Amino acid sequence: MATVTAAEAVVKNAEITETISDAGWSAVRYVKYVCGHNHLENWVPAAIAFTVVLGLAFILRVVAEKRLRSLAAQHHRATEFLIQRLIRRTHPIFYVALALFAGSLFLIQPMRDWRPRPFQTFAIIMLLIQSVFWFNELIEHFVAEYRRKNLQEDAAGVMTMAALGFIAKLVVVVVIGLLLLVNLGVEIGPLLATVGVASLAIGLALQNILGDLFASLSIVLDKPFVLGDFIVVDDKMGTVEDIGLKTTRLRSISGEQLIFGNGDLLKSRISNFKRMWERRVLFRFGLAYATPADKLERVGRMVRDIIEAIPDTRFDRAHFIDFGDSALQFEVVYFVTQSDYNLYRDIHQRINLELIKRFEAESIGFAFPTRTVQIVNPPQGS
């Protein structure tokens, strides 16, 4: 049997000790790897923070819903209803992600690893997904409020706003989808370049349609006119009967339908007679040169008395303004306090008839175009 010397025994014991030590350190490194390079003193506060934030989130949700329900029942304000809807649209997984993010703040990130922490990445992804629901709820709320306030007087605008709401939702989904890809580590540079080129080509091809679409949005929001308004566009006039995404349609006085592109319409000068609160009327008449001066002095008072005796009118002025070629010119200004065109024509007809009656009673004659021709006999013998 081979004998082991004391020196060999010492060397073998050292090797065994080193092997055990290496195995121990490997186990420690494995535990650190599994625990994310964090010790127990890191995980305990992280777990506490996770529990506290998650509990507070659900408690605040319940309290806020109860309080908002009470306020909405008392005041019936749209803001309370909107906040209620936003809270209901918040998914419980979002609260979990928020709690995980709060807990991850107590964990140690290895200095050699600059990649985002998994809990924080998860929280960001959940926030982006939740943002889609929030933005959609906001868009639906504003479209519904517009519909509630304008359905009776601007049904076409309500339809346009609904279409624009759909487009806004689509834009939100695309933008947040790109942000999600970025946070997941997907290289979107080539994708954006491709989309940019395609968008440019589509935009050039559809620039007129897109121009009319945005003009429709401007009409809906700015309201230069609404359904039922009587407007004049350049030399065309009619009543607005439809406001679409691309065109606006008028019904002219003679009965035909006039169709304008929304972009061209907003570039034109528009007169909206439906918005007229009162109508200013200026008219002139001429009296014969043979009218005596004392009667000319009374003409202004006569006109004033006639106009002030008629309802829905306001007298402004009446003046003898000029010596015409064949008449003494008077100018009168008055206001009709309503915008109705037929009422204006009835009032003006009544004023003309009253002027004729008064002038006949005062023996004041209206002028008419006259010309005097003087014929001189030539000298005899010429």
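In this text, all values refer to a predicted model and were calculated from it rather than measured experimentally.

Peer 1: For this particular structure, what's the right way to read the overall build of the protein chain?
Peer 2: Helix and strand content of the protein chain: eleven helices and eight strands. Long-range contacts, defined as pairs at least 24 residues apart, comprise 63% of the intrachain contacts of the protein chain with a sequence gap of at least 6. In the form shown here, the protein chain has an accessible surface area of approximately 25400 Å², with 63% of it arising from carbon and sulfur atoms.

Peer 1: Got a minute to help me understand unusual backbone geometry in this structure?
Peer 2: A negative phi angle is the norm for most residues apart from glycine, just as the trans form is the norm for most peptide bonds. Residues other than glycine seldom take positive phi values, yet D312 does so here, at roughly 65°. Counting through the fold element by element, D312 comes out in the loop between α10 (293-308) and β7 (313-323). Overall, the relative accessible area of 31% leaves D312 in the partly exposed class.

Peer 1: Please clarify how the side chain of S252 should be interpreted in this entry.
Peer 2: Here S252 lies in strand β3 (residues 247-252). At 3.3 Å, the side chain of S252 and the side chain of S254 are in polar contact. The residues contacting S252, other than those within four sequence positions of it, are M237, G238 and L258.

Peer 1: Help me out: how do you make sense of the nonpolar core in this one?
Peer 2: One broad rule of soluble globular proteins: the nonpolar side chains tend to lie buried together. The biggest cluster of nonpolar side chains holds 24 residues, and the ones touching the most others in it are F285, V303, Y334 and I351. Among the secondary structure elements, those contributing two or more residues to this core are β6 (279-287), α10, β7, β8 (328-336) and α11 (341-361). Looking at which element gives the most residues to this core, the answer is α10, with six residues. Leave out the neighbours within four places in its chain, and F285 touches V299, V303, L328, Q329, F330, V332, L355, F359 and F366. Formed by eleven residues, the second largest nonpolar core is a distinct cluster that contains I125, L128, V132 and I176.

Peer 1: I keep staring at helix α4 (residues 92-104) and nothing clicks. Help me out?
Peer 2: Given 3.6 residues per helical turn, the α-helix brings residues three or four places apart onto the same face. Taking 1.5 Å of rise per residue, 13 residues should cover 18 Å, and α4 covers 19 Å from first to last C-alpha, within 8% of that figure. The set of residues buried in α4 consists of F94, Y95, A97, A99, A102, G103 and S104.

Peer 1: For this particular structure, what's the right way to read the sheet that holds β8?
Peer 2: Hydrogen bonds along the backbone pair up the strands of a sheet, which may run parallel or antiparallel. Spatially, β6-β8-β7 is the arrangement adopted by the three strands of the open sheet, whose pairing is antiparallel. Of all strands in the sheet, those with a lone pairing partner are β6 and β7, marking the two edges. If you compare each strand with its neighbour and ignore which way they point, the axes differ by 20° on average. Here β6 pairs with β8 via nine bridges, running antiparallel. Across the sheet, the residue bridging to F283 is V332, located in β8. On the sheet, α10 packs against β6, β7 and β8 and is oriented at approximately 160° with respect to β7. Relative to β6, α11 is tilted by about 25°, and along the sheet it contacts β6, β7 and β8.

Peer 1: Help me understand the sheet that holds strand β2 (residues 236-243) in this model?
Peer 2: The five strands lie next to each other as β4-β3-β2-β1-β5, forming an open sheet whose pairing is antiparallel. Of all the strands in the sheet, the pair left with one neighbour each is β4 (257-261) and β5 (270-272). Mean inter-strand twist for the sheet, computed between neighbouring axes without regard to direction, equals 40°.

Peer 1: What should I look at first to understand the pairing of β4 in this one?
Peer 2: The side chains of a regular strand alternate, residue by residue, between the two faces of the sheet. The alternating pattern of β4 places L258 and F260 on a buried face, while none of Q257, I259 and G261, on the opposite face, is buried. Where β3 and β4 come together, five bridges link them in antiparallel fashion. Bridge pairing links T248 to F260 in β4. Taking the residues between adjacent antiparallel strands as the criterion, β3 and β4 are bridged by four residues, where G255 takes a positive phi near 110°.

Peer 1: Can you walk me through the side chain of N272 in this structure?
Peer 2: Among the secondary structure elements, N272 is positioned in strand β5. A polar side-chain atom of N272 sits 3.0 Å from the main-chain amide nitrogen of K274. For N272, the residues in contact, after removing those within four places along its chain, are P224, F225, D229, F230 and I231.

Peer 1: I tried to follow the confidence of the model for the protein chain on my own but got confused; where do I start?
Peer 2: Reading fine detail from the predicted coordinates is not recommended where pLDDT is low. Scored by pLDDT, the protein chain has a mean of 78; 75% of the residues are at 70 or more. Here helix α1 (residues 6-34) stands out as the element of the protein chain with the lowest mean pLDDT, 51, in contrast to β8, whose mean of 95 is the highest. Confidence over residues 30-34 falls short of pLDDT 50; this stretch has three contacts with residues more than four positions distant or in other chains. Taken together, the stretch residues 110-116 has pLDDT below 50 and engages in four contacts with residues farther than four places along the chain or on a different chain.

Peer 1: Honestly, the environment of L71 in this entry has me stumped. Any pointers?
Peer 2: Residue position: L71 is located in helix α2 (residues 40-75). The class for L71 is buried, based on a relative accessible area of 18%.

Peer 1: Looking at this structure, I do not really get the packing of aromatic side chains. What am I missing?
Peer 2: Two measures describe an aromatic ring pair: the distance that separates the ring centres and the angle between the ring planes. A complete count under the given rule lists 13 aromatic pairs for this structure. Connected via pairs of aromatic rings, a cluster forms that spans F283, F285, F320, F323, F330, Y334, F359 and F366. The ring of F335 has R314 lying over it, and the distance from NZ or CZ to the ring centre is 4.4 Å.

Peer 1: Teacher, can you tell me more about the pairing of β8 here?
Peer 2: The buried count for β8 comes to eight of nine residues, which makes it a mostly enclosed element. Bridge count between β7 and β8: nine bridges; the pairing is antiparallel. Bridge assignment links F320 to a residue of β8, and that residue is F330.

Peer 1: Would you mind going over the pattern of salt bridges with me for this structure?
Peer 2: Close approach of charged atoms lets side chains of opposite charge pair. Enumeration according to the criterion identifies nine salt bridges in this entry. Among the salt bridges present, the one from K169 reaches E140, with a minimum N-O distance of 2.9 Å. You can see K169 sitting in helix α6 (residues 155-183) and its partner E140 sitting in helix α5 (residues 118-150), a full 29 residues away along the chain. Given a relative accessible area of 23%, K169 falls into the partly exposed group. R275 serves as the salt-bridge partner of D229, at 3.5 Å between the closest nitrogen and oxygen.

Procedures and definitions
Residues numbered from 1 in each chain as written. Predicted model: local features only at pLDDT ≥ 70, side-chain atom pairs only at ≥ 80, totals over all residues. Heavy atoms only, no water. Helix = DSSP H or I, 4+ residues; strand = E, 2+ residues; numbered from the N terminus. Contact = heavy atoms within 4.5 Å. Areas by Shrake-Rupley, 256 points an atom, 1.4 Å probe, with all protein chains shown as cover. Buried < 20%, exposed > 50% of the residue type's maximum accessible area, 1.4 Å probe, protein only. Polar contact = N/O pair within 3.5 Å; in protein donor to acceptor, adjacent residues only side chain to side chain. Core = buried A, V, L, I, M, F, W, Y, C linked by side-chain atoms within 4.5 Å. Expected span 1.5 Å × (residues − 1). Pairing = 2+ DSSP bridges. Axes fitted to C-alpha atoms, helices over the stretch in contact; angles between N-to-C directions. pLDDT = per-residue confidence, 0-100. Phe/Tyr/Trp six-rings, centres within 6.5 Å; stacked < 30°, edge-to-face > 60°. Lys NZ or Arg CZ within 6 Å of the ring centre and 35° of its normal. Salt bridge = Lys/Arg side-chain N within 4 Å of Asp/Glu carboxyl O.

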